[in-house]
Amino acid sequence: MFSDIGALELVTLVVLAVLVFGPDKLPKVIQDVSRFIRKVREFSDSAKQDIRSELGPEFKDFEFEDLNPKTFLRKQLESNEDLKELKELRGTFDLKKEMNEVADAVHGRESAPAPAAVNGSPDLLKKQDKTDTEERPPYDSDAT
């Protein structure tokens, strides 16, 4: 609950609590706050148990953290057998090559040969050779 509070913040909170409530009322305030937190936790746990019992036995492994979309998707992807195929498909897709092919098709040029790939992935650090250095793109004076 308080995992992101450092030592300096904790000392500041204690000093502030002593100044606000005073040293004689501080133990009573701490007891009241801890009792309130305990009641809230008990209420939350009983509400979770009621919801689980109302959902029935098919939802016995239901966790409320799964309602977070990010957690739900991660859990579904981890349990899915198609994940292996998805990773293979992702490894074969080369966005730079696809973009170059589209640009060549738009400009009416033939596609340049694909750069050498290492382990099925393209070498992104290697500069590509320009084949048509003489041909300049058309200049549109109205657009500039």
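Analysis parameters
Residues numbered from 1 in each chain as written. Predicted model: local features only at pLDDT ≥ 70, side-chain atom pairs only at ≥ 80, totals over all residues. Heavy atoms only, no water. pLDDT = per-residue confidence, 0-100. Helix = DSSP H or I, 4+ residues; strand = E, 2+ residues; numbered from the N terminus. Expected span 1.5 Å × (residues − 1). Salt bridge = Lys/Arg side-chain N within 4 Å of Asp/Glu carboxyl O.

**Q** So what exactly am I meant to see when it comes to the confidence of the model for the chain here?
**A** Low-pLDDT portions of the prediction should not be read for the details of their coordinates. Per-residue confidence for the chain gives a mean pLDDT of 78, with 76% of residues at or over 70. The secondary structure element of the chain with the lowest average pLDDT is strand β1 (residues 117-118), at 52, and the one with the highest is helix α2 (residues 26-55), at 91.

**Q** Hey, could you run me through helix α1 (residues 7-21) in this one?
**A** One turn of the α-helix equals 3.6 residues, which is why residues spaced by three or four share an orientation. Over its 15 residues, α1 extends 21 Å from the first C-alpha to the last, a length consistent with the 21 Å expected when each residue adds 1.5 Å. Backbone geometry just after α1 places Gly22 at a positive phi near 85°.

**Q** Explanation requested: the pattern of salt bridges in the structure shown.
**A** A side chain of one charge can pair with a side chain of the opposite charge when the charged atoms of the two come close. Within the structure shown, the criterion is met by two salt bridges. One salt bridge in this structure joins Lys28 and Asp32, with 3.4 Å as the shortest N-O distance. Of this pair, Lys28 and Asp32 both sit in helix α2, four residues apart, roughly one helical turn. In this structure, a network of salt bridges that share partners links the residues Lys28, Asp32 and Arg35.

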